[in-house]
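Coordinates in review
Each chain is listed here by its residues.
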Amino acid sequence: MTLSPESAGTAPGRGRLAGRRIVVVGAGSRPSADPELTVGNGRAIAMLSAREGAQVVCVDIDEAAAKATADLCADEGSESIAIVADVRDAAACERLVHEANEKLGGLDGVVANVGFGAGQGLAGTSPELWDDLFALNVRSHFLVARAAMPLLADGSAFVFIGSVAGVKGGTRIPAYDSSKAALFGLCRHVALEGAPRDIRANHVIPGPVDTPLGRVGDASVERRSKIRWPLGRQATAWDIAYATVFMLSGESAYITAQSLTVDGGITQF
């Protein structure tokens, strides 16, 4: 199947984020030996934001991954910065936001893209694993939003990256499903607090995506190989990036507290 230039990540920028200062938390991409190299959602979001004219702060727990994404953003013509942080740590969330604000001279947007899943069923999920997944998948989003809200310029935007696992059961990973479902409530609250200053918060919900991590899922989760794709393919990371940039841009100026599912229709058919 021939991809559109947008889905392939080859479309030129259109200045949709010109002058904006954006933080992408989870901007790295999982190392992969796959000869058909794909890009992760966070890296695609950061690169597209840069291509669309934003200055970008690339945050990741992996220093090499954060720097690689920052270099790719620089190749797009952006002033880009890499910050290393483990967002399960409250102090690290506070630090990354203040460091980004200081280095860019202000903030206009925050994307929270971190998350992972582990465990199998109730019996295979320990309390410690549950707490660790919630710390990364929900608590970190709260901590970053809490630190960023006072610093964001009026008219800014938050985007939380979720998963269809929070909409429809099936992963057999209860902590992952539950943590992703919790993002609906967090997004609504952040949108409510931000509204008086025209700060919006929205929730982009990917289905299965052809990323390095997604290919691990394809290989290890038998159910994924049986999905019937209404549009004939999985999403690319660029499909997720375009939805995210839309939510960061002035094109969505009257959209807040909403959830946009980017799954090619698999949750509807």
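Here goes a summary of the coordinates provided. Small disclaimer: the values here were computed from a predicted structure and weren't measured.

**So, helix 5 (residues 127-148)**
The end-to-end C-alpha distance of helix 5 is 30 Å, a good match for the 32 Å that 22 residues give at a rise of 1.5 Å each. The largest bend in helix 5 comes to about 45°, at Ala135. Among the residues making up helix 5, those that are buried are Leu133, Ala135, Leu136, Asn137, Val138, Ser140, His141, Leu143, Val144, Ala145, Ala147 and Ala148. Structurally, helix 5 contributes buried residues whose contacts are with strand 1 (21-25), helix 4 (90-104), strand 4 (107-112), strand 5 (152-161) and helix 6 (174-194).

**Quick notes on the pattern of salt bridges**
Following the criterion strictly, the structure yields 12 salt bridges and no others. As a salt-bridge pair, Lys67 and Glu63 come within 3.0 Å of each other at their nearest N and O atoms. Here Lys67 and its partner Glu63 are both found in helix 3 (residues 63-75), four residues apart, which amounts to about one turn of the helix. Judged by relative accessible area, which is 45%, Lys67 ranks as partly exposed. Connected through salt bridges with shared partners, the residues Arg16, Glu52 and Glu251 form a single ionic network.

**Quick notes on the sheet that holds strand 4**
The strands making up a sheet associate through backbone hydrogen bonding, with each pair oriented either parallel or antiparallel. One open sheet holds the seven strands; their spatial order is 3-2-1-4-5-6-9, and the pairing between them is parallel. Every interior strand has two partners, whereas the edge strands, strand 3 (80-84) and strand 9 (259-262), have only one. Within this sheet the neighbouring strands show an average axis-to-axis angle of 20°, counted without direction. For strand 1 and strand 2 (residues 55-60), the ladder comprises five bridges, and the chain directions are parallel. In the sheet register, Val25 faces strand 2, and the bridge partner there is Val59. Contacting strand 1, strand 4 and strand 5, helix 5 crosses the sheet at an angle of about 175° to strand 5.

Thresholds applied
Residues numbered from 1 in each chain as written. Predicted model: local features only at pLDDT ≥ 70, side-chain atom pairs only at ≥ 80, totals over all residues. Heavy atoms only, no water. Helix = DSSP H or I, 4+ residues; strand = E, 2+ residues; numbered from the N terminus. Expected span 1.5 Å × (residues − 1). Bend = angle between axes of the 7 residues up to and from the residue. Buried < 20%, exposed > 50% of the residue type's maximum accessible area, 1.4 Å probe, protein only. Contact = heavy atoms within 4.5 Å. Salt bridge = Lys/Arg side-chain N within 4 Å of Asp/Glu carboxyl O. Pairing = 2+ DSSP bridges. Axes fitted to C-alpha atoms, helices over the stretch in contact; angles between N-to-C directions.

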